[in-house]
Amino acid sequence: IVADILDLFSPDFGRVPQAVMNHPAVLDAELERIFTTAWLFVGHESEIAEPGDYITRRMGRDQVIVTRDEQGEVRVLRNACSHRGTLLCKATSGNTSHFMCPYHAWTFDNTGRLRGAPEARKAYGPGFDRADHPLKQARVGVHQGLVFATWDPEAPPLAEFLGDIAWYLDMLLGTASGGWEVAGPPQRYLTSGNWKISCENFGGDGYHLPYTHRTPIEAGLFGEDDDDGSGGKPHGRVVWTPQGHTARIGYMPPEVGGPPYWGMSDGLRADFVANATPEMLQVLDNADVVHGNLFPNLSFIFTAITYTGDEPDNTSFLIFRMAMPVDAETTEMVNILLVPRDATPEWKQRSVLACVRTHGAAAVLFEGDDFDNFASVSATGRGVVAQGSTLDYSMGLGLPVEPDDWPGPGESAPHDHSERTHRAFYGAWLRAMKGEKP
Ligand code: FES
Ligand code: FE
């Protein structure tokens with residue numbers, strides 16, 4: 001059945017089978033072919049700053065413990081006892097050097113080694129070797145504090161997997177001298193709709209902004225609207241890479257102008273500008289948002305529009321979001337909000353407010369608009385007539401992209417009238433589903 005569904009893709013990715021948005025067999029194949037081979041985001045280094053710190057996360061449906069061992073090395077351990085598979089660690093975060101299984105008390109250190117099994121000699125005889133019973137470990141890679149892991153011993157190094165999108169991550173995260181840290185534990189919430197719908201949207205769907213998000217536009221957050229349908233609307237540049245990573249940089253209408261360097265307070269703004277390259281500053285000039293998706297399921301958004309009332313500064317927020325498949329039509333969102341470590345406590349608090357009012361379970365603006373659309377893309381595919389249908393991703397296929405002086409790496413197009421990011425995502429997705437390397 002999965003092979004039949006994959007056959008419905010058009011070779012140019014202008015048509016995508018709707019069944020990829022809701023078929024359980026497709027999800028099973030994704031978990032096997034994509035979530036065990038790609039580098040998956042599992043957390044931010046600041047969540048496990050000290051030796052013994054740990055968080056529990058999922059890689060696909062596999063539960064993992066992400067921990068910093070006593071030597072300071074980051075480890076990603078399967079959260080399942082090597083004896084009978086019991087969930088070893090039920091907490092979502094904490095600090096410990098050892099994990100003791102609740103079932104028969106096998107005890108593992110935070111490098112994954114079995115250190116004790118009750119009455120082991122008596123129970124198993126003198127041949128019992130603890131070294132034969134470690135926790136399974138994933139490979140770990142870190143870029144700008146973002147911790148990734150993969151189960152695939154053959155996967156390319158993380159830097160190769162990230163490719164040109166790394167430059168955009170460096171632009172967001174590498175320009176703060178003090179680095180970034182999480183503002184508290186992640187917000188987690190269940191949404192209806194397949195995990196890919198939110199990823200492709202975050203990855204570059206500028207087309208939906210004036211329509212899905214009509215309310216904030218009418219409220220004047222993007223400047224004055226006008227009658228010809230062009231002014232007063234956000235516009236963007238889309239970027240994509242062969243690995244299926246994508247981004248969109250949104251710009252304010254010139255008459256409104258972007259907030260000075262991300263709505264950072266004065267001291268931080270100078271620091272960011274000093275650390276950024278001239279190319280990065282050119283990309284960010286007049287921008288009010290950078291959002292994107294790292295293949296497969298790590299979305300991000302950095303935006304600087306103020307929603308916090310009449311504070312003196314615009315206040316930005318930066319979230320990284322894992323879209324975790326629960327089933328083919330249900331996705332658990334895990335949102336991590338990052339703040340510059342050197343920001344004042346007051347600024348960090350404003351950033352939290354700006355974030356939760358627009359993104360997350362209780363968002364009044366933006367995110368609430370999106371979720372109903374996301375849910376229905378999966379839901380309409382349940383119909384009988386829906387079977388075998390395909391969805392349209394052809395925007396921009398007939399339009400040439402003229403080379404220009406865009407200073408960032410990756411392939412890019414200078415407008416929102418493009419579904420090139422979506423096609424790059426599904427191109428990488430289809431290659432992975434067919435077992436091909438990027
Ligand atoms: Fe963990 Fe038996 S299942 S000790
Ligand atoms: Fe949206």
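Note that the structure is predicted; figures quoted are calculated from it, not measured.

Participant: Give me the sheet that holds strand β8 (residues 107–109): which residues, what numbers.
Facilitator: Pairing between sheet strands relies on hydrogen bonds along the backbone, with the strands arranged either parallel or antiparallel. An order of β7-β8-β9 is seen for the three strands of this open sheet, with the pairing classed as antiparallel. Only two strands of the sheet have a single neighbouring strand rather than two, namely β7 (98–100) and β9 (114–116). The sheet shows a mean angle of 35° between the axes of neighbouring strands, taken without regard to direction. Summarising the sheet, β7 and β8 pair through three bridges and their orientation is antiparallel. Looking at β8, one finds that Phe99 is bridged to Phe108.

Participant: Can you lay out unusual backbone geometry for me, pointing to particular residues and giving the numbers?
Facilitator: Of note, the amide linkage connecting Phe295 to Pro296 takes the cis form, showing an omega dihedral of 0°. Assignment of secondary structure puts Pro296 in the loop between β16 (287–294) and β17 (298–303). Its identity is not glycine, yet Phe13 carries a phi of approximately 65°, on the positive side. If you trace the backbone, Phe13 turns up in the loop between α1 (2–6) and β1 (15–17). We classify Phe13 as buried; it has 20 C-beta atoms within 10 Å. Residues other than glycine seldom take positive phi values, yet Asn286 does so here, at roughly 70°. Within the secondary structure layout, Asn286 lies in the loop between α10 (278–284) and β16. Its 14 C-beta neighbours within 10 Å are what place Asn286 among the partly exposed residues.

Participant: Describe the packing of helix α6 (residues 195–204) against helix α13 (residues 420–433), with residues and values.
Facilitator: With their axes 8 Å apart at the nearest point, α6 and α13 run at an angle of 135° to one another. Of the possible angle classes, the one that applies to α6 and α13 is oblique. Note on packing geometry: the crossing formed by α6 with α13 is right-handed. Note on element contacts: α13 touches α6 through Thr421, His422 and Phe425, opposite Cys199, Glu200, Gly203 and Gly204. Taken together, the residues that form the contact of α6 with α13 break down as two nonpolar, four polar and one charged.

Participant: Tell me about the domain arrangement of the protein, residues and numbers included.
Facilitator: For the protein, the assigned domains read domain 1 (40–154) and domain 2 (164–433). Facing the 10 residues of domain 1 at the interface are 17 residues of domain 2. For the side of domain 1 that touches domain 2, the per-class residue count stands at one nonpolar, seven polar and two charged.

Thresholds, definitions, all that
Residues numbered from 1 in each chain as written. Chains lettered and ligands numbered in written order. Predicted model: local features only at pLDDT ≥ 70, side-chain atom pairs only at ≥ 80, totals over all residues. Pairing = 2+ DSSP bridges. Helix = DSSP H or I, 4+ residues; strand = E, 2+ residues; numbered from the N terminus. Axes fitted to C-alpha atoms, helices over the stretch in contact; angles between N-to-C directions. Buried ≥ 20, exposed ≤ 12 C-beta atoms within 10 Å, placed from the backbone. Parallel < 35°, antiparallel > 145°, perpendicular 65-115°, else oblique. Left-handed = near helix turned anticlockwise from the far one by under 90°. Contact = placed C-beta atoms within 7 Å. Nonpolar A, V, L, I, M, F, W, Y, C, P; charged D, E, K, R; others polar. Domains from an automatic or database assignment.

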